[in-house]
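Structural features, examined
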Amino acid sequence: TASFGASRRKNATQVESHEFTADVIEGLSQTPKRLHCKHLYDRRGSQLFDQICELSEYYPTRTELAIMNRNVDAIADQIGSNATLVELGSGSSQKTRILLDHLREPAAYLPVDISRGHLLETATRLRVEHPGLDIHPLVADFTQPIQIPPSVRGEKVCVYFPGSTIGNLESQDALKLFRNIHDLVGPKGGLLIGFDLQKDTDVLHAAYNDSQGITAAFNLNLLHRINREACGEFNVSQFEHLAVYDQTHGRIEISIVSTCDQTTHVAGHKFHFIKGERIHTEYSHKYTIEGFRDMAAATDFTAREVWTDEREWFAVMYLES
Ligand code: AVJ
């Protein structure tokens, strides 16, 4: 019967935590050990990331905001009227406000994020700020194909992918995501994307090794999360944050380093670390405008316009399918 089926069904949180545990065990079983960066964004992680965005050393957020503020009319012209705006990895959607305030009669707004609580809070707030707008939050991993609910009607779809989140992905995964987005937006669809640019190594280093240790706390929170949600037994004080710029790949490589030889357990599985051993947690790719244009062109998008700041530290590009 229906009620029998319902009582046996696990709730969403239980399924999520089971998948998280399985993913952690798989990642820690690899050589070198790695943990997927999407797991950094639990509730606490999302809060810490918001704090990172406020740091004086962390230039990307405020630089992108300034680019958006300065060019929002040109951006709204490119997107056009009656568009459905789909935002990937929306987080607290700070930059979205600027867009939503300037878009010409937007049809709907679909924020997509992996952090449920964060997403729903944002949706509630935006509903108050934009009472006329159709808002459909979607709890999802945007690296998987997503679907627009059939009730949403707009003349065209535009994906907004700010924050240089694309930089988390290795180039093959970035290409795959571009193709998914291309399929999602369909003909005459758009992609408005923010990405971080290559620059002085000291500036990059400071942005990922802030003096207050917020970035370190954000990274190490993943071990606390494993302890909380995956029956982990990490002694977090025996691990350190590491972020270094790799010139050859043009990316910041972020990891958690074991400060001693140690053994830990996660959900009954045993993991050994030697002193100095790393768990890779995140990449943050830094691009050139040309390199980024080439990457997009490889997936049938055409770059229509690019906006940047006077130091050329960050760029926002509008592409059309
Ligand atoms: C959210 C992926 C853009 O790469 O700068 C910031 C994540 N990690 N500090 C970035 C991050 C550590 C951030 N992105």
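Residues numbered from 1 in each chain as written. Predicted model: local features only at pLDDT ≥ 70, side-chain atom pairs only at ≥ 80, totals over all residues.

Glancing now at the overall build of the protein chain. Across its full length, the protein chain holds 10 helices and 14 strands. Computed over its C-alpha atoms, the radius of gyration of the protein chain comes to 20 Å, within 12% of the 20 Å expected for a compact globule of 321 residues. Judged by the C-alpha coordinates and their principal axes, the protein chain covers about 65 × 60 × 35 Å. Taken across its 321 residues, the protein chain has 36% of its residues classed as buried. Sequence separation of at least 24 residues holds for 71% of the intrachain contacts in the protein chain that already meet a minimum separation of 6. (Helix = DSSP H or I, 4+ residues; strand = E, 2+ residues; numbered from the N terminus. Rg over C-alpha atoms; globule rule 2.2 N^0.38 Å. Buried ≥ 20, exposed ≤ 12 C-beta atoms within 10 Å, placed from the backbone. Contact = placed C-beta atoms within 7 Å.)

The sheet contact formed by strand S10 (residues 262-266) and strand S11 (residues 269-273) spans 5 bridges and is antiparallel. Among the inter-strand pairings, Thr 263 is bridged to a residue of S11, identified as His 272. Between the end of S10 and the start of S11, which pair antiparallel, lie 2 residues, with Ala 267 showing a positive phi angle near 50 degrees. (Pairing = 2+ DSSP bridges.)

What follows concerns the nonpolar core. Formed by 42 residues in total, the largest nonpolar core has its most connected members in Cys 158, Val 159, Leu 191 and Leu 192. Going through the elements one at a time, helix H4 (59-79), strand S2 (83-88), strand S3 (108-113), strand S6 (156-161), helix H7 (171-185), strand S7 (190-196), helix H10 (289-297) and strand S14 (314-320) are the ones with two or more residues in this core. It is S14 that contributes the most residues to this core, 6 residues altogether. One finds Tyr 41, Leu 222, Phe 234 and Ile 279 within the second-largest nonpolar core, a separate group that totals 17 residues. (Core = buried A, V, L, I, M, F, W, Y, C linked by C-beta atoms within 7 Å.)

Within S2, 6 of the 6 residues are buried, which leaves it mostly tucked inside the rest of the structure. Pairing of S2 with S6 involves 5 bridges; the strand directions are parallel. In the sheet register, Glu 87 faces S6, and the bridge partner there is Tyr 160. Strand direction decides the pairing type here: S2 and S3, joined by 5 bridges, are parallel. Residue pairing in the sheet places Glu 87 in a bridge with Pro 111 of S3.

A separate point is the sheet that holds strand S1 (residues 33-34). Strand order in the open sheet formed by 4 strands is S1-S12-S9-S8, with mixed pairing between adjacent strands. Across the chains shown, the open sheet's two edge strands, defined by having one partner strand only, are S1 and strand S8 (239-246). Along the sheet, helix H8 (residues 201-208) contacts S8 and strand S9 (251-258); its crossing angle with S8, the most-contacted strand, is approximately 155 degrees. Contacts from helix H9 (residues 214-229) reach S8, S9 and strand S12 (278-285), with the element oriented near 120 degrees to S8. (Axes fitted to C-alpha atoms, helices over the stretch in contact; angles between N-to-C directions.)

Another aspect to go through is the site of the ligand. Near the ligand you find Ile 52, Pro 60, Gly 163, Ser 164, Thr 165, Gly 167, Asn 168, Tyr 208, Thr 215, Phe 218, Glu 282 and Ser 284, and these make up its full shell. Every element with two or more residues in the shell around the ligand is listed here: H9 and S12. Residue composition of the shell around the ligand, by class: 4 nonpolar, 7 polar and 1 charged. (Near = placed C-beta within 6 Å. Nonpolar A, V, L, I, M, F, W, Y, C, P; charged D, E, K, R; others polar.)

Attention shifts here to the confidence of the model for the protein chain. On average, residues of the protein chain score 92 in pLDDT, and 94% of them are at 70 or above. Scored below 50 in pLDDT, residues 1-7 makes 0 contacts in the model with residues more than four places away or belonging to other chains. Among the scores for the predicted complex, ipTM is 0.99 and pTM is 0.91. (pLDDT = per-residue confidence, 0-100.)

For the pair helix H3 (residues 43-54) and H9, interaxial distance at closest approach is 9 Å and the crossing angle is 160 degrees. Relative to H9, H3 is oriented roughly antiparallel. Crossing geometry of H3 relative to H9 is assigned as left-handed. Of the residues in H9, those in contact with Arg 44, Gly 45, Leu 48, Phe 49, Gln 51 and Ile 52 of H3 are Ile 214, Thr 215, Ala 217, Phe 218 and Asn 221. (Parallel < 35°, antiparallel > 145°, perpendicular 65-115°, else oblique. Left-handed = near helix turned anticlockwise from the far one by under 90°.)

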